[in-house]
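Read off the chains here:
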Amino acid sequence: MPALRAGDLICGFFELEWSMLDIVTIGAEVLTRAAEPVKDFDQGLKDFIERMFDAMRVGRGIGLAAPQVAVGKRIFVVQVEDDVPRVFVNPELVRTGERIVSLEEGCLSIPGVYADVKRSAEITVQAWNERGRPFTLDADGLLARVVLHELDHLNGVLFVDRLPEAAKAKVLAQYEKRRRY
Ligand SMILES: [Zn+2]
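Overview of the structure. Everything numeric here is computed off the predicted structure, so don't read it as measured data.

Details of unusual backbone geometry
The residue Ala70 is not glycine, and still its phi comes out positive at about 65 degrees. With a phi close to 50 degrees, Asn90 is a non-glycine residue in the positive phi region. As for its placement among the helices and strands, Asn90 is situated in strand β3 (residues 86–96).

What about helix α3 (residues 165–180)?
For α3, built from 16 residues, the straight-helix expectation of 22 Å at 1.5 Å per residue is met to within 8% by its first-to-last C-alpha distance of 23 Å. For α3, a buried count of zero out of 16 residues is recorded, marking the element as mostly open to its surroundings.

Side note on the sheet that holds strand β6 (residues 122–128)
Pairing is antiparallel across the open sheet formed by five strands, whose spatial order is β1-β2-β3-β6-β7. Two strands lie at the open edges of the sheet, namely β1 (63–65) and β7 (134–140), each paired on one side alone. Put simply, the sheet's adjacent strands are angled 40 degrees from each other on average, direction ignored. Pairing analysis gives four bridges linking strand β2 (residues 75–78) to β3, with the strands arranged antiparallel.

Quick word on helix α2 (residues 141–154)
Here α2 is 14 residues long and its end C-alpha atoms lie 21 Å apart, about the 20 Å a rise of 1.5 Å per residue gives. By the criterion of burial, α2 is predominantly enclosed, with 11 of the 14 residues buried. Of the residues flanking the end of α2, it is Gly156, one or two places downstream, whose phi is positive at about 75 degrees.

As for the environment of Glu98
Relative to the helices and strands, Glu98 is located in the loop between β3 and β4 (100–105). You can call Glu98 exposed: it has 7 C-beta atoms within 10 Å.

A few points about the pairing of β6
Residues in a regular strand project their side chains so that they alternate between the two faces of the sheet. Side chains Ile123, Val125 and Ala127 of β6 all project onto a buried face; the interleaved residues Glu122, Thr124, Gln126 and Trp128 project onto a face where none is buried. As paired strands, β3 and β6 are joined by five bridges and run antiparallel to one another. Within β6, the position partnered with Arg95 by the bridge is Thr124. A loop of five residues connects β6 with β7, the two strands running antiparallel in sequence, and Gly132 in this loop sits at a positive phi of about 85 degrees.

Brief notes about the environment of Glu104
Its place among the elements puts Glu104 in strand β4. The sequence separation of Glu104 and Gly44 amounts to 60 residues, and the corresponding C-alpha distance is 34 Å. When residues no more than four places from it in sequence are discounted, the contact partners of Glu104 are Tyr114, Ala115 and Asp116.

Definitions and limits used
- Residues numbered from 1 in each chain as written.
- Predicted model: local features only at pLDDT ≥ 70, side-chain atom pairs only at ≥ 80, totals over all residues.
- Helix = DSSP H or I, 4+ residues; strand = E, 2+ residues; numbered from the N terminus.
- Expected span 1.5 Å × (residues − 1).
- Buried ≥ 20, exposed ≤ 12 C-beta atoms within 10 Å, placed from the backbone.
- Pairing = 2+ DSSP bridges.
- Axes fitted to C-alpha atoms, helices over the stretch in contact; angles between N-to-C directions.
- Contact = placed C-beta atoms within 7 Å.

So this is what it looks like as structure tokens:
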């Protein structure tokens, strides 16, 4: 039987093999569309989330969204600095502070390039964890930044899409150059 890949997922998380998840890069269709809400909080979801953490750590990222491993579900994981690992399922942004800050961002799906992106400095997000328990989180600093970046992934938006047109073109040209060598 041919091996199932994450992108073949249709009916449930149980069909996934326990192998390293591949991170898809810019150009993949799954990165451009809105992800679907998670309905079942089952063991398959917990296993999938554990594999997302593995893939994030191997890629040396601080956040990873399910569409980045070709699964169009509203899930992302985050671990910044000395903070605890955090899981967000079906997250909703319920507050964005007025203060806007510019911070450098990168993305495991556009490896090797970075750019300053303007976003709200403080946010409140509601979500469920992998056990189906709802929570509300007030975040600022790097955590707020990563959460906003990952939330964008669930809506088919990449950090380069937040840049002025000229800056976006420059970053994408840098990426293309890197990719070819
Ligand atoms: Zn990203």
